[in-house]
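Analysis of the macromolecular model
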Amino acid sequence: MNSQKRVYVDVHVIQTVPPSCVNRDDTGSPKTAVYGGIQRARVSSQSWKRAMRQMFYDCFDESELGVRTKDIVSLVAAEIKKLDATKDEAVATELAVKVLELTGIKLDKDKKTGKYAAKALFFMGAKQAENLAKLILNNQNATKKDAQEMLRKNQAVDIALFGRMVADDPSLNEDACAQVAHSISTHSVENEYDYFTAVDEMIAEDHAGAGMIGVVEYNSATLYRFATVAAHELYRALNKDEFITTKAIHEFVRSFVLSMPTGKQNTFANRTLPNAILVTVRKDQPINLAGAFEKPVPNNGKGFVEESVQRLKEYATAVCSSFAPSPVKSWEIGLSSSADKKYINLDELLGEMDSMISCLITENK
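Reference entry: report on the structure contained in this document. (Residues numbered from 1 in each chain as written. Predicted model: local features only at pLDDT ≥ 70, side-chain atom pairs only at ≥ 80, totals over all residues. Heavy atoms only, no water.)

Looking now at the pairing of strand S12 (residues 276-282). In terms of residue burial, S12 counts as a mostly covered element, since seven of its seven residues are buried. Covered by surrounding structure in S12 are Ala276, Leu278, Thr280 and Arg282 together with Ile277, Val279 and Val281, the residues of both alternating faces. As paired elements, strand S1 (residues 8-20) and S12 share seven bridges and run antiparallel to each other. Bridge pairing in S12 links valine 11 to valine 279. (Buried < 20%, exposed > 50% of the residue type's maximum accessible area, 1.4 Å probe, protein only. Helix = DSSP H or I, 4+ residues; strand = E, 2+ residues; numbered from the N terminus. Pairing = 2+ DSSP bridges.)

Below, the structure is given as structure tokens:
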């Protein structure tokens, strides 16, 4: 029986997004979802996780992060040449192909260029590439077990958080320690259309008409966003390193709160920050509070933020009083209307959270 103590960090965000097309489907339209029988604006979890991972480069060294690419042969070959300068490009590539095939990763060779690449995108950390390079340089008779062990050792922070799925060989999968929900609007949404024209600036002045015309579909919304991280699982995945685990959770929360997917960013300049956030530490299970908005917030001409915030507070209280214990600790920004409630900003919140998480995860030593 697993006696590991569970620690979950849940993050709830209410955030307005102005007219924009943050995340598009295959037709170029803003993504939507039906919830409570009503069409909502939607931003996929994949697009927000991508935005979060981009923010990680602000605070983590590249050696601590992963790269999702088909060109994994080049990653390993580059590490081989770093470790042994006598190996030229051809030899380093040959060794890289050998050790990668040993792991079970499927590679394809381009018939025209002769270049090898993975059949599908593969998520690999810089340290894992270095591990494989060291293995093949030091042990030409390495086994599949040896190679796969090197691929799991010194896990990259973002791979530990978001996981890795390998269809060809499930043994290479890495379970995600974090979950990010699709963001949905707290109210009903209908997409709108922006008809635009572009002027040909070198055409004769007496020429009537535009050089180009087009249509961009967009919407605006007040979103409910939710993410959670299993701190105890992340601690295990990161080799029970208290410092890097605490830092990873800190940056996971910070990036989820502050990041924004970049779809049509130059067209709409839709960068906004949250109106309110609720961060909780739980020892039972993560709890998504989207049920607060199953009945959409009505359009009463007063905006959606105020009632969305109120709905979130009331639903969180109702869930904890009826079905689940209260969080071990909670922090909020923009939710409290009480004059005597201590004001806290994001940096203070993250600092207090770090101290608590550090204590809780080390209980699992």
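Time to look at the side chain of arginine 164. Summarising the element assignment, arginine 164 is placed in the loop between helix H6 (157-162) and strand S8 (178-180). Residue arginine 164 is classed as buried on the basis of its relative accessible area, which comes to 5%. Within the local environment of arginine 164, its side chain forms a polar contact with the backbone oxygen of phenylalanine 123, the two atoms lying 2.7 Å apart. Apart from residues lying up to four places away in sequence, arginine 164 is in contact with Phe122, Phe123, Met124, Leu151, Ile159, Leu172, Asn173 and Glu174. (Polar contact = N/O pair within 3.5 Å; in protein donor to acceptor, adjacent residues only side chain to side chain. Contact = heavy atoms within 4.5 Å.)

This next bit is on the pattern of salt bridges. According to the stated counting rule, one finds 13 salt bridges in the structure shown. When the shortest N-O distance is used, the salt bridge between glutamate 174 and arginine 164 registers 3.8 Å. Within this pair, whereas glutamate 174 is found in the loop between H6 and S8, its partner arginine 164 is found in the loop between H6 and S8, the two being separated by ten residues in sequence. For the pair formed by glutamate 174 and arginine 164, the shared burial category is buried. In this structure, arginine 282 and aspartate 284 form a salt bridge, with 3.0 Å as the shortest nitrogen-oxygen distance. (Salt bridge = Lys/Arg side-chain N within 4 Å of Asp/Glu carboxyl O.)

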